[in-house]
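# Close look at the chain arrangement
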Amino acid sequence: MSEIPSKREKTRQRMVSAAGRCFKSHGFAGIGVDGIAQAAGVTSGAFYSHFGSKDAAFDAALALGLDEVMVGIPEFQREHGANWVSAFADYYLGKSHRADLSGGCAMTTLSPEVVRAEPAVHTAYEAKMTQIADLIAQGLKGNTKAEVLGRAWAMLGVLIGGLTITRAVKSRKVAEEIASSIRAAAIETAGVTRIVNKM
């Protein structure tokens, strides 16, 4: 039986969530501590009490965002069976996800921020992204682990890059055309899927 979070833990969770939304919407350089604190409904002093720095808040927000992906992928695999890649691509490139910058996937919005971060952030990011690729690979058929893992990385690259482009163009028509093409490419790249046993 899990313990009920304390008031301090709940406050921290709220601040991490708010930090994630702020960093996704504005980028690391585009939002300050005061803005994150305001979004979380706390004082700047409370923010520093929990994190000590904006960098630490980014680390926590990045971890939370990637953890959400690690929870979501197995859910798609269990719910959609052999069609899980198609369902995941539909969601990932769908209008609602494309429009939801602050609440969208951390892989797309926060990866560019990691590029400019300290080496320790790169290490933490790599570890979680490797876990995500492993989860995807578990839902793919292939002759070797290296083969399915390679297809998993390729699928991730197609979807992450594709979502970025659809968000960057102005025309909705062009965005839809890109999304359709990327969806097809992601499914083709993933290759033959397999049904993951339900828990």
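No experiment lies behind these values; they were computed from the predicted model shown. (Residues numbered from 1 in each chain as written. Predicted model: local features only at pLDDT ≥ 70, side-chain atom pairs only at ≥ 80, totals over all residues. Heavy atoms only, no water.)

## A short note on the overall build of the chain
In terms of helices and strands, the chain carries 10 helices and zero strands. Ordering the α and β elements of the chain from the N terminus gives α-α-α-α-α-α-α-α-α-α. In summary, the chain has a C-alpha radius of gyration of 18 Å against a globular reference of 16 Å for 199 residues, a match within 12%. Its C-alpha atoms give the chain principal-axis dimensions of about 55 × 50 × 30 Å. The proportion of buried residues among the 199 residues of the chain is 42%. Counting every atom, the chain has about 10,800 Å² of accessible surface; 56% of that belongs to carbon and sulfur. Between the mean site of the 23 positive side-chain charges and the mean site of the 19 negative ones, the chain shows a separation of 5 Å. (Helix = DSSP H or I, 4+ residues; strand = E, 2+ residues; numbered from the N terminus. Rg over C-alpha atoms; globule rule 2.2 N^0.38 Å. Buried < 20%, exposed > 50% of the residue type's maximum accessible area, 1.4 Å probe, protein only. Areas by Shrake-Rupley, 256 points an atom, 1.4 Å probe, with all protein chains shown as cover. Lys, Arg positive; Asp, Glu negative; His and termini not counted. Charge placed at Lys NZ, Arg CZ, Asp CG, Glu CD.)

## Examining the packing of helix 1 (residues 7–26) against helix 2 (residues 33–40)
In contact at an axis separation of 8 Å, helix 1 and helix 2 are set at 125 degrees when each is read in the N-to-C sense. With respect to their mutual orientation, helix 1 and helix 2 come out oblique. Here helix 1 runs over helix 2; the crossing is right-handed. For the pair helix 1 and helix 2, the contacting residues are Arg 14, Met 15, Ala 18, Ala 19, Arg 21, Cys 22 and Phe 23 in the first and Gly 35, Ile 36, Ala 39 and Ala 40 in the second. (Axes fitted to C-alpha atoms, helices over the stretch in contact; angles between N-to-C directions. Parallel < 35°, antiparallel > 145°, perpendicular 65-115°, else oblique. Left-handed = near helix turned anticlockwise from the far one by under 90°. Contact = heavy atoms within 4.5 Å.)

## What about the packing of helix 5 (residues 84–92) against helix 9 (residues 145–168)?
Packing of helix 5 against helix 9 brings their axes to within 11 Å, and their N-to-C directions diverge by 20 degrees. One way to sum up the angle between helix 5 and helix 9 is to call them roughly parallel. Here the hand of the crossing between helix 5 and helix 9 comes out right-handed. Here Trp 84, Val 85, Phe 88, Ala 89 and Tyr 92 of helix 5 come into contact with helix 9, specifically with Met 155, Leu 159, Ile 160 and Leu 163. Here the contact of helix 5 with helix 9 is built from residues that sort into nine nonpolar, no polar and no charged. (Nonpolar A, V, L, I, M, F, W, Y, C, P; charged D, E, K, R; others polar.)

## Overview of the nonpolar core
Counting 57 residues, the largest nonpolar core has Phe 23, Trp 84, Met 107, Ile 132 and Ile 136 as its most contacted members. Sort the elements by how many residues they give to this core and helix 4 (residues 54–80) lands first, with 10 residues. Each residue touching Phe 23, except ones within four places of it in the same chain, is listed here: Phe 28, Ile 31, Ile 36, Lys 54, Ala 57, Phe 58, Ala 61 and Leu 110. (Core = buried A, V, L, I, M, F, W, Y, C linked by side-chain atoms within 4.5 Å.)

## A few points about the environment of Ala 89
Of note, Ala 89 is situated in helix 5. Ala 89 sits in the buried class, given a relative accessible area of 1%. Other than its neighbours up to four places away in sequence, Ala 89 contacts Gly 94, Leu 159 and Arg 183.

## Here's the deal with helix 9
With 24 residues, helix 9 should cover 34 Å at 1.5 Å per step; its first-to-last C-alpha distance of 35 Å lies within 8% of that length. The set of residues buried in helix 9 consists of Val 148, Arg 151, Ala 152, Met 155, Leu 156, Leu 159, Ile 160, Gly 162, Leu 163 and Thr 166. Buried residues along helix 9 sit against helix 5, helix 6 (95–99), helix 7 (106–115), helix 8 (119–138) and helix 10 (172–190). (Expected span 1.5 Å × (residues − 1).)

## Brief notes about the packing of aromatic side chains
What the rule picks out here adds up to nine aromatic pairs. Ring centres of Phe 76 and Phe 88 lie 5.3 Å apart, and the angle between their planes is 85 degrees; this geometry places the pair in the edge-to-face category. Here Phe 76, found in helix 4, pairs with Phe 88, found in helix 5; they are 12 residues apart in sequence, far enough to count as distant. The class for Phe 76 is buried, based on a relative accessible area of 18%. Pairing Phe 88 with Tyr 92 gives two aromatic rings, centres 5.5 Å apart and planes at 35 degrees, and the pair type is tilted. A residue pair is termed a helical-turn pair when its members lie 3 or 4 positions apart in one helix, as Phe 88 and Tyr 92 do in helix 5 at four residues. There is no split in this pair, since Phe 88 and Tyr 92 are both buried. (Phe/Tyr/Trp six-rings, centres within 6.5 Å; stacked < 30°, edge-to-face > 60°.)

## Topic: the state of the cysteines
According to the stated counting rule, one finds zero disulfides in the structure shown. Lacking any disulfide linkage, Cys 22 is separated from the closest cysteine sulfur, that of Cys 105, by 18 Å. (Disulfide = S-S within 2.5 Å.)

Geometry only, nothing functional implied.
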